[in-house]
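Listed below are the residues making up each chain.
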Amino acid sequence: EPEVTQTPSHQVTQMGQEVILRCVPISNHLYFYWYRQILGQKVEFLVSFYNNEISEKSEIFDDQFSVERPDGSNFTLKIRSTKLEDSAMYFCASSDGLAQETQYFGPGTRLLVL
Amino acid sequence: AQSVTQLGSHVSVSEGALVLLRCNYSSSVPPYLFWYVQYPNQGLQLLLKYTSAATLVKGINGFEAEFKKSETSFHLTKPSAHMSDAAEYFCAVSEGPGGGNKLTFGTGTQLKVEL
């Protein structure tokens, strides 16, 4: 069964450093998403992406964040200058965009900013 | 704006007992509702979804949920808990059909199943 994959599974970085989280969505899907979950809190929407541009973004998704689909398979989330409060589990999801769509989630990347 | 409230951050049941995980939603448009499960160190897996068809929705692993508009609820149930059901369960709502609609999640309920 096709699945969403994410790399790395864990990343530790120093405050102020740039990180890139990578995702490979399901191959025939058209919509891509990033969500995050700070430890002990709810899963929060960050951004959705369709047709090579951002469809919607939350207030969390400020100028420090960017997304890109650099080729036909990868979907990346970049955090330019990490802050302590960026420490969280980041989930990538994809969907085929049809009515009654289901978003399929990857296993997540746990980011720790020191 | 949409929101979801999950009552009870932790629920503990005995193996073989009924599982009931509560979810109430708030939405200005007819909602699409989802239950996801997260096993340790894994991603979110869809259990079931309500998309304005039948109000009683059956999902994987013997779970089902009933959409009750009058109560704005979408509670998840399973008649008989199994040890393998121990996981975190998330209720989520989206704005409707079509692509690109974000999910708004509840805070999750950790289900513990005891012998």
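Our subject is the structure that appears above.
We now turn to the structure provided with this report. (Residues numbered from 1 in each chain as written. Chains lettered and ligands numbered in written order. Predicted model: local features only at pLDDT ≥ 70, side-chain atom pairs only at ≥ 80, totals over all residues. Heavy atoms only, no water.)

**Topic: the overall build of chain A**
Line of reasoning, step 1. A tally of helices and strands in chain A yields zero helices and 11 strands.
Line of reasoning, step 2. Taken from the N to the C terminus, the helices and strands of chain A come in the order β-β-β-β-β-β-β-β-β-β-β.
Line of reasoning, step 3. A globule of 114 residues ought to have a C-alpha radius of gyration of about 13 Å, and chain A, at 13 Å, matches this closely.
Line of reasoning, step 4. By its C-alpha atoms, chain A is 40 × 25 × 25 Å across when sized along the principal axes.
Line of reasoning, step 5. Residue burial in chain A is summarised as follows: out of 114 residues, 46% are buried. (Helix = DSSP H or I, 4+ residues; strand = E, 2+ residues; numbered from the N terminus. Rg over C-alpha atoms; globule rule 2.2 N^0.38 Å. Buried < 20%, exposed > 50% of the residue type's maximum accessible area, 1.4 Å probe, protein only.)

**Some thoughts on the sheet that holds strand β7 (residues 65-68) of chain A**
All names here are of chain A.
Line of reasoning, step 1. Read across the sheet, four strands follow the order β1-β3-β8-β7 without closing on themselves; strand pairing throughout is antiparallel. With partners counted over all chains shown, the strands left at the sheet margins are β1 (5-7) and β7, one partner each. On average, each strand axis in the sheet is inclined to that of its neighbour by 20°, with strand direction left out of account.
Line of reasoning, step 2. Across five bridges, the pairing between strand β3 (residues 19-24) and strand β8 (residues 75-79) is antiparallel. (Pairing = 2+ DSSP bridges. Axes fitted to C-alpha atoms, helices over the stretch in contact; angles between N-to-C directions.)

**So, the environment of A:Q11**
All names here are of chain A.
Line of reasoning, step 1. Its location among the elements puts Q11 in strand β2 (residues 10-13).
Line of reasoning, step 2. Q11 sits 10 residues away from L21 along the chain, and the two C-alpha atoms are 8.9 Å apart.
Line of reasoning, step 3. Leave out the neighbours within four places in its chain, and Q11 touches V19, I20, L21, R110, L111 and L112. (Contact = heavy atoms within 4.5 Å.)

**So, the interface of chain A and chain B**
Line of reasoning, step 1. Counting from both sides, the interface comprises 20 residues of chain A and, opposite them, 22 residues of chain B.
Line of reasoning, step 2. Summing the contributions of chain A and of chain B, the shared interface buries around 1700 Å²; its carbon and sulfur component is 55%.
Line of reasoning, step 3. The interface formed by chain A and chain B holds one salt bridge in total.
Line of reasoning, step 4. Across the salt bridge formed by B:K102 and A:E56, the nearest N and O atoms sit 3.4 Å from each other.
Line of reasoning, step 5. Our enumeration of links across chain A and chain B arrives at five residue pairs in polar contact (both at pLDDT 80 or more).
Line of reasoning, step 6. At the level of secondary structure, the elements contributing two or more residues to the side of chain A that touches chain B comprise β4 (31-37) and β5 (43-50) of chain A.
Line of reasoning, step 7. Counting residues per element, the side of chain A that touches chain B draws most heavily on β4(A), at four residues. (Buried area = accessible area lost by both parts, 1.4 Å probe. Salt bridge = Lys/Arg side-chain N within 4 Å of Asp/Glu carboxyl O. Polar contact = N/O pair within 3.5 Å; in protein donor to acceptor, adjacent residues only side chain to side chain.)

**Comments concerning the state of the cysteines**
Line of reasoning, step 1. Taken as a whole and judged by the stated rule, the model has two disulfides over all chains.
Line of reasoning, step 2. What pairs with A:C23 in a disulfide is A:C92, and their sulfur atoms sit 1.9 Å apart. Across the disulfide from A:C23 to A:C92, rotation about the S-S bond amounts to roughly -65°, and the bridge is consequently left-handed. Here A:C23 is found in strand β3, whereas its partner A:C92 is found in strand β9 (residues 88-95), with 69 residues between them in sequence.
Line of reasoning, step 3. Judged by relative accessible area, which is 0%, A:C92 ranks as buried.
Line of reasoning, step 4. The disulfide bridge from B:C23 ends at B:C91, spanning 1.9 Å between sulfur atoms. Given an S-S torsion of about -65°, the disulfide between B:C23 and B:C91 has left-handed geometry. Pair noted here: B:C23 is in the loop between β3 (19-21) and β4 (24-26) and B:C91 is in strand β10 (residues 87-94), with a separation of 68 residues, a long-range link. Both residues of the pair, B:C23 and B:C91, count as buried. (Disulfide = S-S within 2.5 Å.)

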